[in-house]
Every structure is written in C-alpha cells, then in structure tokens.
Amino acid sequence: SAAQAAANAKAEVGRATWTLLHMLAAQFPDRPSRQQQRDARTLVDCLTRIYPCGDCAQHFAEIVRRDPPTVNSGREFRRWLCGVHNRVNARLGKPVFNCDLVEARWAPLGCSAEEAAAGEPAAVG
Ligand code: FAD
C-alpha cells in the first residue's frame, strides 16, 4: 500500500541518515578545528529544518533545542549523537542503544585526508 511504501521510505532515509551521522562522528577529530566544529553544528541544525520527513525534523528540532550538539572533540560528538539517537529510539519504541558500544558499532573508515597522505603513494588518485 501507499502507507506501507511511505513507512519504508521513512525508515530507509532514517537508517541512511544515522549511518552518515555516526560514521561522520566516528572519524570526527579529537581536536577539531573551529571550522570542523561549526560544520558539525551546521549539519545538525540543517537537519532540524530540511530533514526529508517533516514531522521527524520537528521532533528532532525539539530534541536538539533541549540538548544542543557538543562538538569539542570526536568523543563528545559521538556521545551526544548516541544520546539524541536514543531519544528518537525511545519515541519510536525501539530499544535504547548502549552508548559505551558506539565506537565498536561505528568504526572509522580509515580514509581521512591525513591517513591518506601518510599511508598512500603520492601518485594515487
Ligand atoms: P536506526 O534507528 O535507523 O539505527 C540504525 C542502526 O544504528 C541500528 O541498527 C543500530 O545498530 C545503530 N544504533 C541504534 N541506536 C543507536 C544509538 N543511539 N547510537 C548509535 N548507534 C545506534 N522515524 C519516525 O518514524 N519518526 C520520527 O520522528 C523519526 N525521527 C527521526 C529523526 C532523525 C534525525 C533521523 C535521522 C531519523 C528519524 N526517524 C524517525 C527514523 C528512525 O530513527 C529510524 O532511522 C528508522 O525507524 C529505521 O530504524 P532502524 O531500526 O533501522 O534503526
């Protein structure tokens, strides 16, 4: 049915978005630059307005208003993200995720600019 298709699309974009956010947080630096901190805050802020499910965006805006992103380190950002994801989980009746396991669930990809520069021949790419 149309309602089922809409529900599937909502879940799909949700999984895709959480995957992007957690992977981004997984490789967010221990000591982010001002620009990186600003970028993380801006990304979250944009999602509260243009996330493709309007009522989700509104609920998320409320969550973020009460608990603004902490972006002083990768560890902080990962904790914050786990916390807000858990608030969405709770709203949807999904199990709460143990935030001590977040770094095991979402490992860095190992393809940051610094690692690429250090580990690959200059001619690659
Ligand atoms: P997801 O919640 O998509 O999670 C993907 C994977 O992340 C899980 O399988 C698990 O391995 C891991 N995970 C789970 N919790 C955590 C955590 N706390 N920290 C780290 N990793 C974790 N859907 C609605 O129906 N209504 C809404 O109002 C709504 N609001 C949303 C707001 C935002 C900003 C986003 C990104 C999504 C929202 N969604 C909403 C979608 C919803 O959160 C799920 O993405 C969707 O229901 C699919 O759920 P899932 O069970 O596949 O796991």
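Here the structure is a predicted model, which is why all the values come from computation and not from measurement.

Reading the values: rules and limits
Residues numbered from 1 in each chain as written. Predicted model: local features only at pLDDT ≥ 70, side-chain atom pairs only at ≥ 80, totals over all residues. Heavy atoms only, no water. Near = heavy atom within 4 Å. Polar contact = N/O pair within 3.5 Å; in protein donor to acceptor, adjacent residues only side chain to side chain. Areas by Shrake-Rupley, 256 points an atom, 1.4 Å probe, with all protein chains shown as cover. 1 Å grid on protein atoms, 1.4 Å probe; cavity = no way out; pocket = protein on both sides within 12 Å on 5 of 7 lines; lining within 4 Å. Sits in = over half its atoms within 2 Å of the grid points. Phe/Tyr/Trp six-rings, centres within 6.5 Å; stacked < 30°, edge-to-face > 60°. Helix = DSSP H or I, 4+ residues; strand = E, 2+ residues; numbered from the N terminus. Buried < 20%, exposed > 50% of the residue type's maximum accessible area, 1.4 Å probe, protein only. Contact = heavy atoms within 4.5 Å. Core = buried A, V, L, I, M, F, W, Y, C linked by side-chain atoms within 4.5 Å.

Enquirer: I tried to follow the site of the ligand on my own but got confused; where do I start?
Expert: Close to the ligand lie 23 residues, the nearest being Trp18, His85, Arg91, Lys94 and Arg105. With respect to the ligand, the side chain of Arg15 contributes an N or O atom lying 3.0 Å from an oxygen atom. In the model, an oxygen atom of the ligand is placed 2.8 Å from a nitrogen or oxygen of the His85 side chain. Contact with the protein chains removes 84% of the 960 Å² of surface that the ligand exposes when unbound. Judged by the proximity of its atoms to the pocket grid, the ligand belongs to the largest pocket.

Enquirer: What's the story with the packing of aromatic side chains in this structure? I'm lost.
Expert: For any two aromatic rings, the description comes down to two numbers: the centre-to-centre distance and the angle of the planes. Tallied over the full model, the rule gives three aromatic pairs. When the ring of Phe28 is compared with that of Phe77, the centres are 5.1 Å apart and the planes differ by 50°; the resulting orientation is tilted. Highlighted residues: Phe28 in the loop between α1 (2-26) and α2 (34-50) and Phe77 in helix α4 (residues 74-91), separated in sequence by 49 residues. With respect to burial, Phe28 and Phe77 carry one shared label: buried. Through a chain of ring-to-ring contacts, three or more aromatic side chains come together here, namely Phe28, Phe77 and Trp80.

Enquirer: For this particular structure, what's the right way to read the environment of Cys99?
Expert: Within the element layout of this structure, Cys99 appears in the loop between α4 and α5 (102-105). For Cys99, a relative accessible area of 18% translates into the label buried. Sequence separation of Cys99 and Gly83 is 16 residues, and the distance between their C-alpha atoms is 7.5 Å. Those residues in contact with Cys99, other than ones at most four positions away along the chain, are Arg79, Cys82, Gly83 and Asn86.

Enquirer: Please clarify how the nonpolar core should be interpreted in this entry.
Expert: Counting 19 residues, the largest nonpolar core has Trp18, Val44, Phe60, Phe77, Trp80, Leu81 and Val84 as its most contacted members. Secondary-structure elements contributing two or more residues to this core are α1, α2, α3 (54-66) and α4. Broken down by element, this core gets its largest block of residues, five residues, from α4. Discounting residues that sit within four places of it in the chain, Trp80 has contacts with Val44, Phe60, Val64, Asp67, Pro68, Pro69 and Thr70. Among the nonpolar cores identified, the runner-up in size contains five residues, and Ala26, Cys99, Val102 and Trp106 belong to it.

What is shown is where atoms sit, not what they do.
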